[in-house]
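Each chain is listed here by its residues.
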Amino acid sequence: MRGIFQNKIVVIVFSTLLLFAFIILSSVPGSMLNQLTSPVSAVLGPVQHAIHRAMTYVGDVYASFTEGMVIRAENERLKSENAALKNRITRLEEAGRQYDALKDAFSLKDRYEDYSIIGTRVLTRDIGSWFDIFRIDSGTRDGLVVTETTSFAVVDAQSQLVGRVLSTDLASARILPLIHQGFSMSAKINVPAGALVRLRGDLDLKESGLCAIDQIPTTAVIRVGDEIITSGAGGLFPAGLPVGTVVEVRDSGTRQNRIAILKPYVDLESLEAVFVMKGKD
């Protein structure tokens, strides 16, 4: 039994040595084995090259797929970070606007010490157009009680006239903007010894965001570019609130019937917050 095992070992060693000898001799140029194996190599060579190229291609495709997955994952991560940064920028911009509004509100309080300044948000518009009546989130609970003889001026953060409070309920108020056809007030041409005039809304002009100025004294000089401010007459509006500028003067043949066209300073379409000026008791 031991002899048979030893013989197997001898056969394996011999076969291994023979295989190495075959490989070495077949690789020697000009040897018989090299000549005998050359035709086989010539046939199998292209097949081996094709297999090698295919394996290389598969490897490249797999590497590209893996890299693509990594790039897509990185793109998704960058998109998420970009969205978060945009959201943060938006919040910072909004915080900046709120800060500016508060700063301007404090400036209003300093300029008009005889008035309580109530900051409010614009809620809805009754009809939907920017020149129509709109609603704010302050009402009688904030001391805004409107009667036939009492109302309140409404301005933006730069103290530019928006309109007046038309009516109130417990938690809200309706605002009549200055270009509405139901609005009128006493105003003044902002020049030394400037004349008093009437500023009113006009049904035709409000479509263009404009107001009419009439009841202009015959001796008054009014020109394009003149600033119009509140006169303070009547006690509803504080004197000196900026209203807008004259963009046209229409002569109808006589100075008694002159009409001027005013473009308000306030941008009614973009209003988000307004301030109600309530006289202190």
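Everything quoted here is computed from the prediction, not taken from an experiment. By convention here, each chain's residues receive numbers from 1 onward along its written sequence. Given that the model is predicted, a residue must reach a pLDDT of at least 70 before its local features are reported, and side-chain atom pairs must reach 80 or more before they are shown or counted; all residues, however, enter totals for whole chains, interfaces and linings. With hydrogens and water stripped out, all remaining heavy atoms of the structure feed into the side-chain values.

## Considerations on the nonpolar core
When a protein is soluble and globular, its nonpolar side chains tend to lie buried together. Grouped together as the largest cluster of nonpolar side chains are 47 residues, with contacts concentrated most on Leu 178, Leu 199 and Ile 213. Should any heavy atoms of two residues lie within 4.5 Å, those residues are counted as being in contact. Ignoring sequence-local partners within four residues, the contact set of Leu 199 consists of Leu 178, Phe 183, Ser 184, Met 185, Ala 187, Cys 211, Ala 212, Ile 213, Ile 228, Val 243 and Leu 262. Among buried residues, the Ala, Val, Leu, Ile, Met, Phe, Trp, Tyr and Cys ones that are joined through side-chain atoms within 4.5 Å form a nonpolar core. For every residue, the accessible area (1.4 Å probe, protein chains only) is compared with the maximum for its type, and the residue is labelled buried under 20%, exposed over 50%, or partly exposed between those bounds.

## Structural notes on the environment of Val 243
A helix here means a DSSP run of H or I that spans at least four residues, while a strand means a run of E at least two residues long, and both kinds are numbered starting from the N terminus. Inspection of the secondary structure assignment puts Val 243 in strand β10 (residues 242-250). When the C-alpha positions of Val 243 and Leu 161 are compared, they lie 5.3 Å apart, and in sequence the two are 82 residues distant. Those residues in contact with Val 243, other than ones at most four positions away along the chain, are Leu 161, Leu 178, Leu 199, Ile 228, Ile 229, Thr 230, Leu 262, Lys 263, Pro 264 and Tyr 265.

## Brief notes about unusual backbone geometry
Backbone geometry follows two general trends: most residues other than glycine have a negative phi, and most peptide bonds adopt the trans configuration. Backbone geometry at Ser 159 places phi at a positive 65°, although glycine is not the residue there. Considering the arrangement of structural elements, one finds Ser 159 in the loop between β3 (153-155) and β4 (161-168). A positive phi angle is found at Gln 215, which is not glycine, with a value near 50°. Here Gln 215 is to be found in the loop between β8 (211-214) and β9 (227-230). The class for Gln 215 is exposed, based on a relative accessible area of 53%.

No statement about biological role is implied by the geometric values presented.
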